[in-house]
Each structure stands twice: as C-alpha cells, then as structure tokens.
Amino acid sequence: QVQLVESGGGLVQPGGSLRLSCAASGSIFSIYAMGWFRQAPGKQRELVAAISSGGHTNYADSVKGRFTISRDNAKKTVFLQMDSLKPEDTAVYYCAADRRVVTTSSSYWGQGTQVTVSS
C-alpha cells in the first residue's frame, strides 16, 4: 500500500517558479511509477509528467522544457520543478502512483495542491 501527500503549491506570478513535493509512505516506493496530474476548472484531469521506477520520464507537450519531474527513492519523494509558469498552468495538481504506469485511473492519489499563476 502507498500513501501520498503533496505540498508546495501556492500563488505565483507569471514567469515564476514553484517546486511541488509528493511524500510517499507504506509499501516499497522504488518499484512504483510516479506522476503528476492536474485539473483546472471545467477541464478533465490530464497528465503533466511521469517517471518510471527506472527513471524514464514523460511530459505533456504543454510543459516540455519548463517542468522537470524527479524522484529520490531514499526519501520516498517525487518532485515537480515548475519554471516559467503561465496562467494556463493554474490547476489543482495531484500526485499519483501505480505499480507499472500512471494513468487517470492510477491506484494511489494524493489529496491535491492548488497552483495559481496570476499577476
């Protein structure tokens, strides 16, 4: 079993940066695929970034070159570094975990953290 807790969201100006953290507890963390999803008002939840147990990464086209996902298996934590933030990045960001690959139907989810990009 895996439990996830996100932190690091907040209000930031366009062009600014935030780093989200997702701390995991429970079953062995290092074998799970991890990812970040986001959901804006009136929109479907969408994949932002994912990282496999082997360290391979995948990003939504809208965030490539601006966001970086990483993991620290010793600390059971996954990060999302968000740079050059845009108003369209405003959403609730959710951490997800699954045994093989993260999807919108992943087995484990955090509670979400709000990211607001505004002047």
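Check the entry above for the structure.
Overview of the structure. Treat the numbers as computed from the prediction; the structure is a model and nothing was measured.

**Focus: the state of the cysteines**
Under the criterion given, the structure shown has 1 disulfide. Two residues, cysteine 22 and cysteine 95, share a disulfide whose sulfurs are 2.1 Å apart. For the disulfide bridge between cysteine 22 and cysteine 95, the dihedral angle about the S-S bond is near -85°, and by the sign convention the bridge is left-handed. One end of the pair, cysteine 22, is in strand E3 (residues 18-26); the other, cysteine 95, is in strand E9 (residues 91-98), with 73 residues separating them in the sequence. According to the relative accessible area criterion, cysteine 22 is buried, its value standing at 0%.

**Section: the side chain of serine 106**
The residue serine 106 is located in the loop between E9 and strand E10 (108-109) in this model. Residue serine 106 is classed as buried on the basis of its relative accessible area, which comes to 6%. Within the structure, serine 106 has its side chain in polar contact with the backbone oxygen of threonine 103 (distance 2.7 Å). Contacts of serine 106, omitting those with residues within four sequence positions, involve Ala96, Ala97, Asp98 and Val101.

**Let's talk about the packing of aromatic side chains**
Two aromatic rings, taken as a pair, are described by how far apart their centres are and by the angle between their planes. As enumerated under the stated definition, the model contains 2 aromatic pairs in all. With a centroid separation of 6.0 Å and 70° between ring planes, the pair formed by tyrosine 32 and tyrosine 108 is classed as edge-to-face. Of the two residues, tyrosine 32 sits in the loop between E3 and strand E4 (33-39) while tyrosine 108 sits in strand E10, which places them 76 residues apart along the sequence. The class of tyrosine 108 is buried, set by a relative accessible area of 14%. Taking NZ or CZ as reference, arginine 45 lies 3.9 Å from the ring centre of tyrosine 94, over its face. The ring of tryptophan 109 has arginine 45 sitting right over it, with the charged end atom 4.8 Å from the ring centre.

**With respect to the sheet that holds strand E7 (residues 67-72)**
The 4 strands are arranged E1-E3-E8-E7 in an open sheet whose pairing can be described as antiparallel. The sheet is open, and its two edges are formed by strand E1 (2-7) and E7, each paired on a single side. The sheet shows a mean angle of 15° between the axes of neighbouring strands, direction not considered. Pairing of E3 with strand E8 (residues 77-82) involves 6 bridges; the strand directions are antiparallel. Within E8, the position partnered with cysteine 22 by the bridge is valine 78.

**Things to note about the environment of serine 84**
Summarising the element assignment, serine 84 is placed in the loop between E8 and E9. Sequence spacing of serine 84 and serine 30 is 54 residues, and the spatial spacing of their C-alpha atoms is 30 Å. Contact partners of serine 84, with chain neighbours within four places excluded, come to Gly15, Gly16, Ser17, Arg66 and Asp89.

What counts and what doesn't
- Residues numbered from 1 in each chain as written.
- Predicted model: local features only at pLDDT ≥ 70, side-chain atom pairs only at ≥ 80, totals over all residues.
- Heavy atoms only, no water.
- Disulfide = S-S within 2.5 Å.
- Helix = DSSP H or I, 4+ residues; strand = E, 2+ residues; numbered from the N terminus.
- Buried < 20%, exposed > 50% of the residue type's maximum accessible area, 1.4 Å probe, protein only.
- Polar contact = N/O pair within 3.5 Å; in protein donor to acceptor, adjacent residues only side chain to side chain.
- Contact = heavy atoms within 4.5 Å.
- Phe/Tyr/Trp six-rings, centres within 6.5 Å; stacked < 30°, edge-to-face > 60°.
- Lys NZ or Arg CZ within 6 Å of the ring centre and 35° of its normal.
- Pairing = 2+ DSSP bridges.
- Axes fitted to C-alpha atoms, helices over the stretch in contact; angles between N-to-C directions.

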